[in-house]
Structures are given as structure tokens and as C-alpha cells.
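Structural features, examined
This is what each chain is made of:
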Amino acid sequence: MNVIVYTQYGPPEVLHPAEVAKPVPDNNEVLVALYATTVTSGDIHLRKGEPLLARLFAGPLTPRNPVLGHEFAGVIEATGKQVTLFSRGDRVFGSTNLASGAYAEYLCLPQDGILARKPENLSFEDAAAVPVGALTALYFLRKSNLQHGHKVLIYGASGSVGTFAVQLASHFGAHVTGVCSTANITLVKSLGADRVIDYTRENFGKNDENYDIIFDTVGKTSFSRCKNALIANGRYVTTAVSLTLLVEKLFTLISSSRKLVMGIAAQKTEDLDFLKVLIEAGKLKPVIDRHYAWGEITAAHRYVEQGHKKGNVAIQIKAEDA
């Protein structure tokens with residue numbers, strides 16, 4: 001089968017096509033013929049090997065797994081002898097979780113992995129753009145103990161995690177303030193934000209507004225900068241992971257009523273099923289900035305690396321009628 005690989009860390013040009021043996025599912029696995037994947041910020045970090053913390057997962061000097069890609073949609077082509085949850089021909093979407101491997105024509109996964117039947121109202125490319133961003137947003141909103149009526153500020157509201165976080169927080173009954181650039185104000189409002197702050201014109205930390213939760217979905221703020229904008233017992237939530245944040249988190253445990261929530265989102269199959277229900281009910285939708293062809297992954301990485309994408313960038317591996 002055809003795959004896109006990288007054998008060294010570096011710029012988008014380290015990605016190149018290759019051929020490897022088509023995988024065969026074990027007894028408890030399904031073989032998915034992939035129709036679409038995406039380029040996530042995680043793919044960018046792993047490809048670059050930056051920050052250095054990323055190499056704890058990817059390999060200290062060279063990548064352990066040369067095939068990137070963390071979310072996908074496709075059709076089950078074969079099942080192992082013990083598989084009971086899926087059948088050949090099922091249209092599915094999912095995540096490789098902490099692994100990767102979706103820059104390929106085929107992928108084997110355990111039947112109880114992060115895998116669900118694709119929402120009927122989404123194309124393969126739209127469905128592939130759901131798992132990582134939406135599961136991350138859902139995990140951290142729950143981790144922050146979000147309640148109906150809470151005032152939530154979402155920084156980076158026009159990104160992949162941010163666009164899902166705005167919709168989910170609104171669905172759970174929060175009063176949502178999104179922070180984004182001028183060009184994305186209309187988009188963020190359309191997703192359900194009650195208020196939108198243009199960070200190029202206004203510093204949300206200096207407007208005397210206080211929030212129950214500040215959710216930084218892009219790792220561009222800090223607890224120290226945001227804590228005065230939190231209510232007592234408020235939560236600063238970030239998708240970033242660093243030694244500095246870990247020290248701050250430990251410090252807040254003993255010295256402050258305001259807490260820092262961080263870490264790596266735990267993905268669960270039941271949460272993917274929950275998201276599917278919301279999508280089919282018209283209460284959640286992926287935002288796709290750009291679509292790229294299978295042979296344009298290098299260009300897609302180059303674009304995402306600029307840091308200005310709206311929502312998600314989808315890659316078509318196979319045409320839907322193929």
C-alpha cells in the first residue's frame with residue numbers, strides 16, 4: 001500500500017511517499033480502507049521533533065513510527081475472527097490515539113479502539129476532522145468541571161480544538177466568550193459564542209471581566225497572565241504541556257483557590273459515540289479550512305505550520321465513490 005513517511009525530523013519536505021506491505025488484522029482487529037485524514041498540530045510537532053518533549057513519544061533522534069496521521073475516516077474492508085462490533089463495509093471514523101499511522105491507504109485497529117460508525121450527515125473528509133479536536137475539547141471542558149451557566153473564555157476559538165470547544169461549551173449551557181483574530185470573528189459567532197474578543201484590539205485580561213473557566217486551546221497564554229481574570233475557584237485550562245506549567249500546577253495546589261488544568265487528553269470510544277450523536281442531531285459540526293489531495297500533504301503541512309488555519313485541514317486519500 002501507499003503511505004507518506006518521514007525518517008528524520010525537519011521541515012515539511014522530509015515527508016515523502018513510500019510503499020509498504022498492506023497490514024493484516026489480528027483476531028480482535030479491523031482493517032480500515034482510509035478515505036480521509038487530516039493535518040493536526042500534533043502532526044506538525046512530531047514531524048519537527050519540537051518541542052523536545054515530543055521526542056519522548058516520537059523517538060530521541062529519529063522517528064520510531066515513520067507514518068504520521070492521527071485521525072481518519074474510511075470503510076472497514078476486513079475483520080479479525082473475534083470481531084463482533086463491526087462488519088465489513090461499515091463506514092467509520094476514529095483516532096489512532098497516542099499512536100499514528102493514518103497517512104496510509106489502510107490501517108489496522110483493535111475493534112474496541114477509538115473507532116465509531118461515521119455520522120450519516122458528514123462526508124469522509126468532514127468526519128476525519130472530528131476525533132482529535134472534538135475529543136480534546138470535550139475532555140478538557142469536562143476536566144474543568146464545566147457547569148450550566150458558567151462563564152467560559154476560549155482562547156484560540158477559531159482553531160481545531162477551539163471551534164469544537166465553543167460549540168460544546170454552548171451546548172452544555174455555558175456563556176461563551178471566544179478570543180480570535182479579526183478575520184475569524186464571524187466564524188466564531190456562528191458557532192455559538194455569546195461574545196467574541198478580537199485579540200489584536202483588546203486584551204481580555206484587562207477588561208475587568210471574570211470567568212469560571214479560561215480554556216487556552218493553543219498554548220499561547222499562561223496561568224500567571226490569566227489568573228486575575230478568573231473567579232475564586234476558577235480554572236485555567238490549557239492543552240499545552242511543559243515543565244513550567246507543571247511547576248505552576250503544583251504551586252496552585254497549595255497556594256491558590258484558582259487551579260491549573262493541563263495534560264494529555266484521554267480519548268474514549270464512548271465520547272466519540274457521544275460526539276456522533278451531537279453531529280447527527282445538528283448540534284456539532286467540524287470546520288474545514290482547506291482540503292488537500294493525497295499528493296499534497298507536504299503543502300498541507302506547510303500551511304498548517306503557519307499557525308493561522310481555521311478549524312481543520314483535511315486530506316483526501318481516496319475519492320468517496322472509489
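Counting secondary structure elements, the protein contains 10 helices and 15 strands. What you see for the protein is a C-alpha radius of gyration of 20 Å, in line with the 20 Å of a compact globule of 322 residues. For the protein, the spread of C-alpha atoms along the three principal axes comes to 60 × 45 × 40 Å. Expressed as a percentage of its 322 residues, the buried residues of the protein come to 52%. Taking the contacts inside the protein whose residues are at least 6 apart along the sequence as the reference set, 68% of them involve residues at least 24 apart. A distance of 6 Å separates the average location of the 33 positive side-chain charges in the protein from that of its 31 negative side-chain charges.

A few words now on the pairing of strand 9 (residues 175-180). Summarising burial for strand 9: five of the six residues are buried, a large majority. Across five bridges, the pairing between strand 8 (residues 151-155) and strand 9 is parallel. From the neighbouring strand, Leu153 faces strand 9, where its bridge partner is Thr177. Taken together, strand 8, helix 5 (residues 160-171) and strand 9 form a β-α-β motif whose crossover is right-handed. When strand 9 meets strand 10 (residues 195-198), the two strands line up parallel, connected through four bridges. Each residue of the ladder has a partner; that of Val179, found in strand 10, is Ile197.

Roughly 200 Å³ of volume is contained in the second largest pocket. In terms of lining, the second largest pocket is formed by Tyr155, Tyr199, Glu202, Asn203, Phe204, Gly205, Lys206, Thr221, Arg225, Cys226, Asn228 and Ala229. In terms of residue class, the lining of the second largest pocket is built from five nonpolar, four polar and three charged.

Here we take up the packing of helix 1 (residues 41-48) against helix 10 (residues 297-305). Helices that pack against each other are described as a pair by the angle of their axes relative to one another and the distance between those axes. Put simply, helix 1 and helix 10 touch, their axes get as near as 10 Å, and they point 100° apart. On the basis of the axis angle, helix 1 is roughly perpendicular to helix 10. Residues Asp43, Ile44, Arg47 and Lys48 of helix 1 touch helix 10, and the partners they reach there are His301, Val304 and Glu305. Of the residues in the contact of helix 1 with helix 10, the class split is two nonpolar, one polar and four charged.

Here helix 8 (residues 243-255) spans 18 Å end to end across 13 residues, near enough to the 18 Å set by a 1.5 Å rise per residue. Along helix 8, the positions that sit buried rather than exposed are Leu245, Glu248 and Thr252. All buried residues of helix 8 project into a common sector of 60° when viewed along the axis, lining one side. In helix 8, those exposed residues whose orientation departs by more than 90 degrees from the buried face are Leu243, Val247, Phe251, Leu253 and Ile254.

Attention shifts here to the pattern of salt bridges. This model, assessed by the stated rule, comprises 12 salt bridges. With its nearest N and O atoms 3.7 Å apart, the salt bridge here joins Lys48 to Glu50. Residue Glu305 pairs with Lys48 through a salt bridge whose shortest N-O separation is 3.5 Å. Taken together, the residues span a long stretch of sequence, with Glu305 in helix 10 and Lys48 in helix 1 at a distance of 257 residues. For Glu305, a relative accessible area of 31% puts it in the partly exposed group.

Under the definition given, this model contains eight aromatic pairs. When the centroid spacing of 6.3 Å and the interplanar angle of 65° are considered together, the rings of Tyr6 and Tyr9 count as edge-to-face. Of the two residues, Tyr6 and Tyr9, neither departs from the other in class, the shared state being buried. With 6.3 Å between their ring centres and 35° between their planes, Tyr155 and Tyr199 make a pair best called tilted. Residue Tyr155 is located in strand 8, and its partner Tyr199 is located in the loop between strand 10 and strand 11 (211-216); the two are separated by 44 residues in the primary sequence. Members of the aromatic cluster, connected to one another through ring pairs, are Tyr139, Phe140 and Phe215. Over the aromatic face of Tyr211 sits the side chain of Lys151, whose NZ or CZ is 5.8 Å from the ring centroid.

Here Lys310 is to be found in the loop between helix 10 and strand 15 (312-316). Spatially, the C-alpha atom of Lys310 lies 27 Å from that of Val75, the residues being 235 residues apart in sequence. Residues contacting Lys310, with those up to four places away along its chain left out, are Ser158, Ala183, Asn184, Leu187, Val287, Ile288 and Asp289.

It is worth spelling out the packing of helix 4 (residues 131-143) against helix 5 at this point. Where helix 4 meets helix 5, the closest approach of the two axes is 8 Å, and the angle between their N-to-C directions is 55°. Taken as axis vectors, helix 4 and helix 5 run oblique relative to one another. Helix-helix and strand crossings are classified by hand; for helix 4 and helix 5 the assignment is right-handed. Within the contact between the two elements, helix 4 uses Gly133, Ala134, Thr136, Ala137, Leu138 and Leu141 and helix 5 uses Ser160, Val161, Phe164, Ala165, Leu168 and Ala169. Each residue belonging to the contact of helix 4 with helix 5 can be placed in one class, and the counts come to nine nonpolar, three polar and no charged.

The rules behind the values
- Residues numbered from 1 in each chain as written.
- Predicted model: local features only at pLDDT ≥ 70, side-chain atom pairs only at ≥ 80, totals over all residues.
- Heavy atoms only, no water.
- Helix = DSSP H or I, 4+ residues; strand = E, 2+ residues; numbered from the N terminus.
- Rg over C-alpha atoms; globule rule 2.2 N^0.38 Å.
- Buried < 20%, exposed > 50% of the residue type's maximum accessible area, 1.4 Å probe, protein only.
- Contact = heavy atoms within 4.5 Å.
- Lys, Arg positive; Asp, Glu negative; His and termini not counted.
- Charge placed at Lys NZ, Arg CZ, Asp CG, Glu CD.
- Pairing = 2+ DSSP bridges.
- Right-handed = clockwise from strand over helix to strand, strands pointing away.
- 1 Å grid on protein atoms, 1.4 Å probe; cavity = no way out; pocket = protein on both sides within 12 Å on 5 of 7 lines; lining within 4 Å.
- Points joined across faces, edges and corners; volume = space filled by probe spheres on them.
- Nonpolar A, V, L, I, M, F, W, Y, C, P; charged D, E, K, R; others polar.
- Axes fitted to C-alpha atoms, helices over the stretch in contact; angles between N-to-C directions.
- Parallel < 35°, antiparallel > 145°, perpendicular 65-115°, else oblique.
- Expected span 1.5 Å × (residues − 1).
- Arc of directions from axis to C-beta.
- Salt bridge = Lys/Arg side-chain N within 4 Å of Asp/Glu carboxyl O.
- Phe/Tyr/Trp six-rings, centres within 6.5 Å; stacked < 30°, edge-to-face > 60°.
- Lys NZ or Arg CZ within 6 Å of the ring centre and 35° of its normal.
- Left-handed = near helix turned anticlockwise from the far one by under 90°.

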